[in-house]
Amino acid sequence: MTEAWGPDDDEPRRHHGPVRVRVPAKINLHLGVGPLRSDGFHELNTVYHAISLFDELTARPGDTLTLTMEGEGTGTLALDETNLIMRAARALAARTRVPAYARLHLRKTIPLAGGLAGGSADAAATLLACDLLWGTGLSREELAEVGATIGSDIPFLLHGGTALGTGHGEAISPILARPTTWHWVVAIADGGLSTPEVYGKLDELRASAWPPQPVGDADSLMAALRQRDPEVLAAALGNDLQPAALALRPALADVLKAGNEAGAVTGLVSGSGPTCVFLATDAAHAGQVAAGLNAAGVCREAVTARGPMPGARVT
Ligand code: ATP
């Protein structure tokens, strides 16, 4: 492999050892979906929130580009050029004109097609890891630009925290609020839901005789965040995709009911589902709600999580 930079260059250095990056899952505290546009997209107005459920991507020097994995989705998730990790590595290499040589390994915890943007998280981690491995020295904003060409959630997963997303979700504005830790329970489902199918179902429901009521606005959610009170936040949470996810997977109603019966402040479908998330008042309360959900047997597993978390970071 040709060295792109000589020892006297001012350019950032290549990394010789493994670069290990941890990246969080996201939930949407508010997900407002605009009407279907003529270009086939929906305008989004969303409040992203990064939670403590992580994937880890390791990048090592290699003579070609390879991807291996362990954990969630192993044996199901294709590791070929369609994988968002491979696409992210190729996009960064093309942008920075370096050869896309790396041995990439994914340790996956975020469930597949769960509405937690695990694939986008992996792509965000790849951009950061390869940028360091290859010494290409892009800023986080430049990495986000490359990421946005692959998936709308990728800029947020580089950024992390809690942020407003507009456009297709790729235009991020951080929400500046006094630091508050929120406690969540994440009910992981058996099997995923296809995001395009959920949007398609929403369009169908909106065209029907009883269209679902749109959720409130992102401003109310942001005002609620500033009050730092779980009851206030609970009243402002909303997801326009929830009726569509429930129509495609009616059993999710049982999950939401079981979470409420287990004492959650409230619950909602995460993004396009089928993961449901529940708000708790503190860590102990989250533990109780998770135990209640696990005992009810309505989901594959309920785990506790905190937010907001930073975006993709080297460990
Ligand atoms: P979305 O970001 O569309 O809301 P999601 O959170 O529901 O998605 P993901 O796990 O991010 O679901 O991925 C959706 C699909 O993307 C998967 O079904 C899979 O086919 C494809 N995909 C490609 N690369 C990856 C990856 N590294 N991890 C997960 N899914 C991937």
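Residues numbered from 1 in each chain as written. Predicted model: local features only at pLDDT ≥ 70, side-chain atom pairs only at ≥ 80, totals over all residues. Heavy atoms only, no water.

The next thing to look at is the overall build of the chain. When you go through the chain residue by residue, the secondary structure sums to 10 helices and 12 strands. The C-alpha radius of gyration of the chain comes to 20 Å, within 12% of the 20 Å expected for a compact globule of 315 residues. Dimensions of the chain, computed from C-alpha atoms along their principal axes, come out at roughly 65 × 45 × 40 Å. Counting every position in the chain, which comprises 315 residues, the buried fraction comes to 51%. Taking contacts inside the chain between residues at least 6 apart in sequence as the whole, the part at least 24 apart equals 75%. For the chain, the accessible surface area stands at approximately 13,800 Å², while carbon and sulfur atoms represent 52% of it. (Helix = DSSP H or I, 4+ residues; strand = E, 2+ residues; numbered from the N terminus. Rg over C-alpha atoms; globule rule 2.2 N^0.38 Å. Buried < 20%, exposed > 50% of the residue type's maximum accessible area, 1.4 Å probe, protein only. Contact = heavy atoms within 4.5 Å. Areas by Shrake-Rupley, 256 points an atom, 1.4 Å probe, with all protein chains shown as cover.)

Turning our eyes to something else, we now look at the packing of helix H9 (residues 252-261) against helix H10 (residues 283-296). The interhelical angle for the contact between H9 and H10, taken along N-to-C directions, is 135°, at an axis separation of 8 Å. Classed by the angle they form, the pair H9 and H10 counts as oblique. Taken as a pair, H9 and H10 cross one another with a handedness that is right-handed. Facing H9, whose interface residues are Val255, Ala258 and Gly259, H10 presents Val289, Leu293 and Ala296. Its residues assigned to classes, the contact of H9 with H10 comprises 5 nonpolar, 1 polar and no charged. (Axes fitted to C-alpha atoms, helices over the stretch in contact; angles between N-to-C directions. Parallel < 35°, antiparallel > 145°, perpendicular 65-115°, else oblique. Left-handed = near helix turned anticlockwise from the far one by under 90°. Nonpolar A, V, L, I, M, F, W, Y, C, P; charged D, E, K, R; others polar.)

A few words on the domain arrangement of the chain. One can read the domain layout of the chain as domain 1 (4-175) and domain 2 (182-307). Measuring from the centre of the C-alpha atoms in domain 1 to the corresponding centre in domain 2 gives 25 Å. In this complex, domain 1 contributes 30 residues to the contact, which on the side of domain 2 involves 36 residues. Interface of domain 1 and domain 2: buried area, both sides summed, is about 2,300 Å²; carbon and sulfur atoms make up 62% of it. Linking domain 1 with domain 2 are 1 salt bridge, by the criterion used here. The closest approach of N and O atoms between Arg300 and Glu72, which form a salt bridge, is 2.9 Å. There are 14 residue pairs in polar contact (both at pLDDT 80 or more) connecting domain 1 and domain 2. Listed by contribution, the elements that provide at least two residues to the side of domain 1 that touches domain 2 are strand E1 (19-36), strand E2 (42-60) and strand E5 (162-166). Among the elements that make up the side of domain 1 that touches domain 2, the one with the highest residue count is E1 (11 residues). (Domains from an automatic or database assignment. Buried area = accessible area lost by both parts, 1.4 Å probe. Salt bridge = Lys/Arg side-chain N within 4 Å of Asp/Glu carboxyl O. Polar contact = N/O pair within 3.5 Å; in protein donor to acceptor, adjacent residues only side chain to side chain.)

To continue, consider the environment of Asp122. Looking at the element boundaries, Asp122 is found in helix H2 (residues 118-134). Overall, the relative accessible area of 3% leaves Asp122 in the buried class. Taking the C-alpha atoms as reference, Asp122 lies 7.1 Å from Leu84; in sequence the two are 38 residues apart. Contacts of Asp122, omitting those with residues within four sequence positions, involve Val23, Asp55, Ile85, Leu106 and Lys108.

Here 4 strands make up an open sheet; going across it, the order is E9-E10-E7-E11 and the pairing antiparallel. Every interior strand has two partners, whereas the edge strands, strand E9 (266-269) and strand E11 (301-307), have only one. In this sheet, neighbouring strand axes are inclined to one another by 25° on average, regardless of whether the strands run parallel or antiparallel. (Pairing = 2+ DSSP bridges.)

Within the secondary structure, Ala236 sits in helix H7 (residues 230-236). With a relative accessible area of 19%, Ala236 lands in the buried category. It is 8.7 Å that separates the C-alpha atoms of Ala236 and Ala218, two residues lying 18 residues apart in sequence. Ignoring any residue separated from it by four or fewer positions in sequence, one finds Ala236 in contact with Leu29, Ser220, Leu221 and Ala224.

Looking now at the pairing of strand E6 (residues 171-174). The sheet contact formed by E5 and E6 spans 4 bridges and is antiparallel. Looking at E6, one finds that Thr166 is bridged to Ala171. Where E5 hands over to E6, the hairpin turn is made up of 4 residues, of which Gly167 adopts a positive phi near 75°.

The next thing to look at is the site of the ligand. Residues in close proximity to the ligand total 19 residues, the closest being Ala113, Gly115, Ala117, Gly119 and Thr195. Note that an oxygen atom of the ligand is positioned 2.9 Å from one of the backbone N or O atoms of Ala113. Between the ligand and Asp153 there is a distance of 3.4 Å, counted from an oxygen atom to a side-chain nitrogen or oxygen. When the free accessible area of the ligand is taken as 600 Å², the share hidden by the protein chains comes to 74%. Taken together, the elements giving at least two residues each to the shell around the ligand come down to helix H1 (84-96) and H2. Tallying contributions element by element places H2 first for the shell around the ligand, with 4 residues. (Near = heavy atom within 4 Å.)

The subject of this paragraph is the nonpolar core. Formed by 73 residues in total, the largest nonpolar core has its most connected members in Val47, Leu104, Trp134, Trp184, Val186 and Leu233. Each of domain 1 (4-175) and domain 2 (182-307) gives at least three residues to this core. If you look at the next biggest cluster of nonpolar residues, it comprises 27 residues, including Leu31, Leu256, Ala290 and Cys299. (Core = buried A, V, L, I, M, F, W, Y, C linked by side-chain atoms within 4.5 Å.)

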